[in-house]
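Here is what each chain is made of, one letter per residue.
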Amino acid sequence: MKNKNTDPMQGHRARKRFGQNFLEDQGIINAIVRSIGPKASDNLVEIGPGKGAITAQLIESCPSMQVVELDRDLIPILLAQFAIYNDFRIHQTDALKFDFGQLATPERPLRVVGNLPYNISTPLIFHLLSFGELIADMHFMLQKEVVLRLAAGPGDKNYGRLSVMTQYVCQVENLFEVPPECFNPRPKVDSAIVRLTPYRTQPFVAAHPDKLAKLVKTAFAQRRKTLRNNLKNLDEELDLEALDIDLTRRAESLSLEEYVNLSNTLWP
Ligand SMILES: C[S@@+](CC[C@H](N)C(=O)[O-])C[C@H]1O[C@@H](n2cnc3c(N)ncnc32)[C@H](O)[C@@H]1O
């Protein structure tokens, strides 16, 4: 039987379980690399390099870059392709469990790049954000719907828990869309490139970030319900009626600043 996912040049069959949709459109690869603007001095790491489509462009500007790839069958392909770069390093492991802290210091924070498998993109972003000041910026190819959710503001139908909690720690920029035709095999969904830049100084600071996370989760639990109805499920003795906010509003109408203020009023 003919296997449509086999690349005769490299003999590697795209694996669904690793979310492998390889980028083939050179124009899009160039546009991604232009928006990253890699430099030789960067502490650059690519997650899921695959067969090196983006890596090949990045490494020309940043020969000391590193990659984290789970699929061990791709390692010989990468080693052969980038053999001339002495400082190029491959970490064959699961990026979700990888200690990115070992690659960076606050003085030399990481620049992270990845055309990510869509099924791990959200947990991976939160895993990376846990390294805080060790990340300078992140450029990801994600499912377009996820990028819309990350970048959405109040009143937008895509605005939710993911938007608020990401924008609490990062500046989010939706850069451009990438259609399925740019990949092999083609994904079923549209994709987009997003830039996440963790704040060095956050614009709004919650006294208890864990409480903010709980507040936002509870507020958005049922989108159609009012704040009063959702927040009464906060399993704590809180006097909601004393708050300086209209409890008939819905979660999707509150800005990040309002969430942080609310959190700081409830848990000073
Ligand atoms: C969508 S493909 C992108 C490949 C390549 N960067 C490109 O643009 O053509 C995702 C890549 O992530 C790798 N991958 C999947 N899960 C991973 C994980 N948990 N940790 C590290 N890499 C992973 C896959 O093997 C694959 O190479």
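Residues numbered from 1 in each chain as written. Predicted model: local features only at pLDDT ≥ 70, side-chain atom pairs only at ≥ 80, totals over all residues. Heavy atoms only, no water.

The protein has the name Ribosomal RNA small subunit methyltransferase A in UniProt, where Saccharophagus degradans is given as its organism. What UniProt records for the protein under Catalytic activity is the sentence "adenosine(1518)/adenosine(1519) in 16S rRNA + 4 S-adenosyl-L-methionine = N(6)-dimethyladenosine(1518)/N(6)-dimethyladenosine(1519) in 16S rRNA + 4 S-adenosyl-L-homocysteine + 4 H(+)". The UniProt entry for the protein carries the following text under Subcellular location: "Cytoplasm". (UniProt positions renumbered as here; feature names shortened; annotations may be inferred.)

Engineer: Is there a simple way to explain the domain arrangement of the protein in this structure?
Structural biologist: Interfaces are often sized by the amount of accessible area the parts lose when they come together. When cut into domains, the protein gives domain 1 (16-198) and domain 2 (209-266). Inter-centroid distance (C-alpha atoms) of domain 1 to domain 2 is 33 Å. Of the residues lining the interface, 11 residues belong to domain 1; the matching set on domain 2 comes to 15 residues. In this assembly, domain 1 packs against domain 2 so that about 980 Å² is buried in total across both faces, 71% of it on carbon and sulfur atoms. Together, Tyr159, Arg161 and Tyr168 form the three largest contributors to the area buried by domain 1 at its contact with domain 2, with a combined 50%. (Domains from an automatic or database assignment. Contact = heavy atoms within 4.5 Å. Buried area = accessible area lost by both parts, 1.4 Å probe.)

Engineer: Would you mind going over helix 5 (residues 144-151) with me for this structure?
Structural biologist: Because an α-helix packs 3.6 residues into every turn, residues spaced three or four apart end up facing the same way. Of all the residues in helix 5, the buried ones are Val146, Val147 and Leu150. End-on view of helix 5: buried residues confined to an arc of 100 degrees, all on one side of the axis. (Buried < 20%, exposed > 50% of the residue type's maximum accessible area, 1.4 Å probe, protein only. Helix = DSSP H or I, 4+ residues; strand = E, 2+ residues; numbered from the N terminus. Arc of directions from axis to C-beta.)

Engineer: Help me out: how do you make sense of the site of the ligand in this one?
Structural biologist: The environment of the ligand is made up of 23 residues, and the closest members are Leu23, Gly48, Glu69, Asp94 and Asn115. The backbone of Leu70 places a nitrogen or oxygen atom 3.3 Å from a nitrogen atom of the ligand. Contact with the protein chains removes 97% of the 590 Å² of surface that the ligand exposes when unbound. Counting residues per element, the ones that place at least two in the shell around the ligand are strand 1 (22-23) and strand 3 (66-69). A per-class count over the shell around the ligand returns 12 nonpolar, seven polar and four charged. (Near = heavy atom within 4 Å. Polar contact = N/O pair within 3.5 Å; in protein donor to acceptor, adjacent residues only side chain to side chain. Areas by Shrake-Rupley, 256 points an atom, 1.4 Å probe, with all protein chains shown as cover. Nonpolar A, V, L, I, M, F, W, Y, C, P; charged D, E, K, R; others polar.)

Engineer: Would you take a moment to explain the sheet that holds strand 5 (residues 110-115) for this structure?
Structural biologist: Pairing between sheet strands relies on hydrogen bonds along the backbone, with the strands arranged either parallel or antiparallel. Strand order in the open sheet made by the seven strands is 4-3-2-5-6-9-7, with mixed pairing throughout. In this open sheet, the two strands that pair with only one neighbour each are strand 4 (89-92) and strand 7 (170-178). With strand direction ignored, the average angle separating the axes of adjacent strands in the sheet is 20 degrees. Where strand 2 (residues 43-47) meets strand 5, five bridges bridge the pair, whose relative direction is parallel. Bridging across to strand 5, Leu44 finds its partner in Arg111. In the packing of helix 1 (residues 26-36) onto the sheet, contacts are made with strand 5, strand 6 (135-143), strand 7 and strand 9 (191-198), and the angle to strand 7 comes to roughly 160 degrees. (Pairing = 2+ DSSP bridges. Axes fitted to C-alpha atoms, helices over the stretch in contact; angles between N-to-C directions.)

Engineer: Explain empty space enclosed by the protein to me, please; I cannot follow it from the model alone.
Structural biologist: Where empty space is left in the structure can be found by rolling a water-sized probe over the atoms. Evaluation of the coordinates by the stated rule reveals two cavities of 30 Å³ or more. Reported here for the second largest cavity is a volume of approximately 30 Å³. Forming the boundary of the second largest cavity are Ile32, Ile54, Val113, Gly114, Asn115, His139, Phe140, Met141 and Ile193. Elements with a minimum of two residues in the lining of the second largest cavity: strand 5 and strand 6. (1 Å grid on protein atoms, 1.4 Å probe; cavity = no way out; pocket = protein on both sides within 12 Å on 5 of 7 lines; lining within 4 Å. Points joined across faces, edges and corners; volume = space filled by probe spheres on them.)

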